[in-house]
Amino acid sequence: MANRVDASGTGESRVNPNVNCLYGKRCPKCGSYGPFEVEVFMRVLLSDDGSSDAEDGTIDYSDDSAAVCFDCKYEGKVGDFNVP
Ligand SMILES: [Zn+2]
């Protein structure tokens, strides 16, 4: 089970507060816990007029997807953000 951390964060704990989409992730350069910009794959319904939501509009990404730290603009891959 993941450790739960008080969101008010007194700063005494260095436990990563990310417990969902960013579980275990933080910026390898500045230590930010996010948000991060991530290049994702998504299926859309493409027609001559443009694109719209597909029935399966699931957003997907992997450790090889491009990622950028919102705070310091560090550019890497999602897997680079798996910092202990
Ligand atoms: Zn950063």
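What you are looking at is a predicted structure, and each value in this text was computed from that prediction instead of being measured.

How each quantity is defined
- Residues numbered from 1 in each chain as written.
- Predicted model: local features only at pLDDT ≥ 70, side-chain atom pairs only at ≥ 80, totals over all residues.
- Helix = DSSP H or I, 4+ residues; strand = E, 2+ residues; numbered from the N terminus.
- Buried ≥ 20, exposed ≤ 12 C-beta atoms within 10 Å, placed from the backbone.
- Contact = placed C-beta atoms within 7 Å.
- pLDDT = per-residue confidence, 0-100.
- Pairing = 2+ DSSP bridges.
- Axes fitted to C-alpha atoms, helices over the stretch in contact; angles between N-to-C directions.

Another aspect to go through is the overall build of the protein. Counting its regular elements, the protein contains 0 helices and 7 strands. Start at the N end of the protein and walk to the C end: the helices and strands fall as β-β-β-β-β-β-β. Across the 84 residues in the protein, those meeting the buried criterion constitute 8%. Within the protein, counting contacts between residues at least 6 apart in sequence, those at least 24 apart form 42% of the total.

For the protein, per-residue confidence averages 87 on the pLDDT scale, and 85% of positions sit at 70 or higher. Contacts of residues 1–12 to residues separated by more than four positions or lying in other chains number 7 contacts, the stretch itself having pLDDT below 50.

Glancing now at unusual backbone geometry. Omega for the bond connecting Gly34 with Pro35 falls within 30 degrees of zero, at 5 degrees, which places this linkage in the cis form. By secondary structure assignment, the location of Pro35 is in the segment before β1 (36–38). For Lys73, which is not a glycine, the phi torsion comes out positive at approximately 65 degrees. According to the C-beta neighbour criterion, Lys73 is exposed, with 11 such atoms within 10 Å.

Attention shifts here to the sheet that holds strand β6 (residues 66–69). The strand order across the open sheet built from 3 strands is β1-β6-β7, with neighbouring strands paired in antiparallel fashion. Where the open sheet ends on each side, the last strands, each with one partner, are β1 and β7 (75–77). Each strand of the sheet is rotated relative to its neighbour by a mean of 30 degrees, with strand direction disregarded. Of the pairings in the sheet, the one linking β6 to β7 comprises 3 bridges and is antiparallel in character. In the sheet register, Ala67 faces β7, and the bridge partner there is Gly76.

Along the chain, the position of Lys73 falls in the loop between β6 and β7. C-alpha separation for the pair Lys73 and Cys27, spaced 46 residues apart in sequence, amounts to 9.6 Å.

Here strand β3 (residues 44–47) pairs with strand β4 (residues 50–53) via 4 bridges, running antiparallel. Its bridge partner being in β4, Val44 is matched across the sheet by Asp53. Taken together, β3 and the strand that follows it, β4, pair antiparallel across an intervening segment of 2 residues.

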